[in-house]
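# Notes for the structure review
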Amino acid sequence: VHTRTASQSAQNSKGMASGAESISGKEKTTHFGFQTVRESEKEQKVHEVFEQVANSYDVMNDAMSLGIHRVWKDVFVERLGPTHGMRLLDMAGGTGDITFRYLRYLNNQPNPQQRPSHVTVSDINQHMLNVGEERAKRLGLTTDQLSNCTVAWQCADAEKLPFPDASFTAYTIAFGIRNCTHVDKVLSEAYRVLQPGGRFMCLEFSHLTNETMQWLYDQYSFQVIPPMGQLLAGQWQAYQYLVESIRRFPKQEQFKQMIEQAGFDQVSYENLTFGVVSIHSGFKL
Ligand SMILES: C[S@@+](CC[C@H](N)C(=O)[O-])C[C@H]1O[C@@H](n2cnc3c(N)ncnc32)[C@H](O)[C@@H]1O
């Protein structure tokens with residue numbers, strides 16, 4: 001088992017948060033956690049990670065975050081404030097956590113018969129979607145079981161969406177964008193498929209503003225999460241990648257600028273739990 005100490009990891013992560021790419025020989029390289037890999041390799045590696053963790057993903061989320069990821073996701077969907085008539089694309093939707101909250105939130109809105117709503121849950125990994133679809137059936141959240149909302153599950157790459165221009169009124173991506181090779185392509189595709197007035201929202205692990213707390217968080221992330229992944233899911237490497245990829249993701253302000261560069265207006269962010277995660281939001285005007 002290959003591992004690193006928290007201080008080695010902190011050193012490795014210095015100056016890497018931008019995710020800047022370099023050219024090695026002819027092919028561009030990118031990061032996969034703290035490793036440098038060819039761009040063509042990253043998608044396959046990320047795919048393998050989520051294939052390995054699909055069945056244990058929901059249990060591990062609760063264990064790693066002590067259940068707090070549920071609160072973050074609840075706040076995220078509250079900030080979105082779903083209304084009848086919304087057409088949501090839940091990108092990198094995995095096993096459906098955001099979609100299920102959206103559907104329950106809609107269900108609690110008055111006059112459910114008003115205007116039909118829709119959600120497409122999309123992910124590059126069919127295994128994650130399969131787990132999600134099974135959950136949806138158990139929870140009574142399929143098109144057949146809902147009164148005025150359709151639900152579609154579709155395998156797709158966030159960097160090359162198979163949806164027409166202006167086909168959604170909202171786009172969410174939770175804990176997905178940092179796994180993508182070209183974040184700029186994900187953002188411009190999100191912009192393309194949104195209608196004017198549509199909203200982009202991203203929930204992602206981020207960076208703490210307080211250095212001592214960041215240090216404590218690093219200790220927890222690097223010393224506890226990979227062994228926990230090994231113990232509960234038999235997956236040390238996959239969880240080592242997940243914590244490394246968090247450190248590599250741009251800081252809040254930098255990510256805000258990237259969203260603006262994609263064309264979005266009124267871009268803002270909100271830190272939750274001291275910046276362990278942040279919610280970024282922007283509108284297509
Ligand atoms: C950590 S999971 C998040 C799942 C769900 N949104 C949640 O909050 O529980 C990240 C997901 O991103 C997906 N993913 C990674 N790269 C992707 C890409 N290029 N396009 C679409 N989905 C991608 C993975 O397959 C995985 O299901």
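Residues numbered from 1 in each chain as written. Predicted model: local features only at pLDDT ≥ 70, side-chain atom pairs only at ≥ 80, totals over all residues.

### Some words on the overall build of the chain
Rules: To qualify as a helix, a DSSP run of H or I must reach at least 4 residues; to qualify as a strand, a run of E must reach at least 2; elements of each kind are numbered from the N terminus. Only C-alpha atoms enter the radius of gyration, while the globule expectation follows 2.2 Å times N to the 0.38, with N the number of residues. To assign burial, the other C-beta atoms lying within 10 Å of each residue's own C-beta are counted, with C-beta atoms placed from the backbone; 20 or more indicates buried, 12 or fewer indicates exposed, and intermediate counts indicate partly exposed. Distance between backbone-placed C-beta atoms decides contact: two residues are in contact if it is within 7 Å.
The helix and strand inventory of the chain stands at 10 helices and 10 strands. A compact globule built from 285 residues would reach a C-alpha radius of gyration of about 19 Å, and the chain, at 18 Å, matches this within 12%. For the chain, the spread of C-alpha atoms along the three principal axes comes to 55 × 40 × 35 Å. Looking at the chain as a whole, 38% of its 285 residues are labelled buried. Contacts spanning at least 24 positions in sequence make up 72% of the contacts within the chain whose residues lie at least 6 apart.

### Points about the site of the ligand
The condition that has to hold: We count a residue as near a molecule or strand when its backbone-placed C-beta atom lies within 6 Å of that partner. In this classification, Asp, Glu, Lys and Arg are treated as charged, Ala, Val, Leu, Ile, Met, Phe, Trp, Tyr, Cys and Pro as nonpolar, and every other residue, Gly included, as polar.
Around the ligand, the structure places 19 residues, and the nearest of them are Ala92, Gly94, Asn125, Ala158 and Gly176. When its residues are assigned to classes, the shell around the ligand shows 10 nonpolar, five polar and four charged.

### Section: the sheet that holds strand β7 (residues 168–174)
Which entries qualify depends on this criterion: Strand pairing requires that DSSP identify at least two bridges connecting the strands. Where helices are involved, their axes are fitted lines through C-alpha atoms of the stretch in contact, as for all axes, and angles between N-to-C directions lie from 0 to 180°.
Within the open sheet, the seven strands sit side by side as β6-β5-β4-β7-β8-β10-β9. Their pairing is mixed. In this open sheet, the two strands that pair with only one neighbour each are β6 (149–155) and β9 (265–272). Mean inter-strand twist for the sheet, computed between neighbouring axes without regard to direction, equals 15°. Contacts between helix α6 (residues 126–139) and the sheet are confined to β5 (117–123) and β6, with β6 contributing the most and set at about 155° to the helix. Lying on the sheet, helix α7 (residues 183–193) is in contact with β4 (87–91), β7 and β8 (194–205); it crosses β8 at an angle near 145°.

### A closer look at the nonpolar core
To be explicit about the condition: For our purposes the nonpolar core covers buried Ala, Val, Leu, Ile, Met, Phe, Trp, Tyr and Cys residues that link as a set through C-beta atoms within 7 Å.
Residues Phe76, Tyr171, Ile173 and Phe200 are the most contacted members of the largest nonpolar core, which totals 64 residues. Among the elements that line this core, the one with the most residues is helix α9 (residues 236–248), at six residues. Apart from residues no more than four positions distant in its own chain, phenylalanine 76 is found in contact with Ile98, Ala174, Met201, Leu203 and Ile279.

### Re the pairing of β5
Most of β5 sits out of view: six of its seven residues are buried. Across five bridges, the pairing between β4 and β5 is parallel. Directly across from methionine 91, in β5, lies its bridge partner serine 122. Relative to β6, β5 runs parallel, the two being bridged by seven bridges. Residue valine 119 lies in a different strand from β6, and its bridge partner there is valine 151.

### Details of the confidence of the model for the chain
Stated formally: The quantity known as pLDDT measures the predictor's confidence residue by residue, on a range of 0 to 100.
Here the chain shows a mean pLDDT of 90. Residues at 70 or above account for 91%. Listed scores for the predicted complex are pTM 0.90 and ipTM 0.99.

### Re the packing of helix α8 (residues 211–233) against α9
So the rule is basically this: Helix crossings fall into two classes, left-handed where the near helix is turned counterclockwise from the far one by less than a right angle and right-handed where it is turned clockwise.
Close contact between α8 and α9 brings their axes to 7 Å; oriented N to C, the two are set at 150°. Two packed elements cross with a definite hand, and for α8 against α9 that hand is right-handed. For the pair formed by α8 and α9, the contact residues are Ser221, Phe222, Ile225, Pro226, Gly229 and Gln230 on the first element and Trp236, Ala238, Tyr239, Gln240 and Val243 on the second. Among the residues making up the contact of α8 with α9, the classes are represented as seven nonpolar, four polar and no charged.

### Details of unusual backbone geometry
Positive phi values are uncommon outside glycine, yet phenylalanine 175 reaches one of about 55°. Its location among the elements puts phenylalanine 175 in the loop between β7 and α7.

### Some remarks on the packing of helix α4 (residues 68–80) against helix α5 (residues 97–107)
Heads up, the rule is: Throughout this description, any angle smaller than 35 degrees is read as roughly parallel, any larger than 145 degrees as roughly antiparallel, any in the 65 to 115 degree range as roughly perpendicular, and the remainder as oblique.
Close contact between α4 and α5 brings their axes to 10 Å; oriented N to C, the two are set at 50°. Relative to α5, α4 is oriented oblique. Judged by the sense of rotation from one axis to the other, the crossing of α4 with α5 is right-handed. Touching Lys73, Asp74, Phe76 and Val77 of α4 are Asp97, Ile98, Arg101, Tyr102 and Tyr105, all from α5. A class-by-class count of the residues in the contact of α4 with α5 yields five nonpolar, no polar and four charged.

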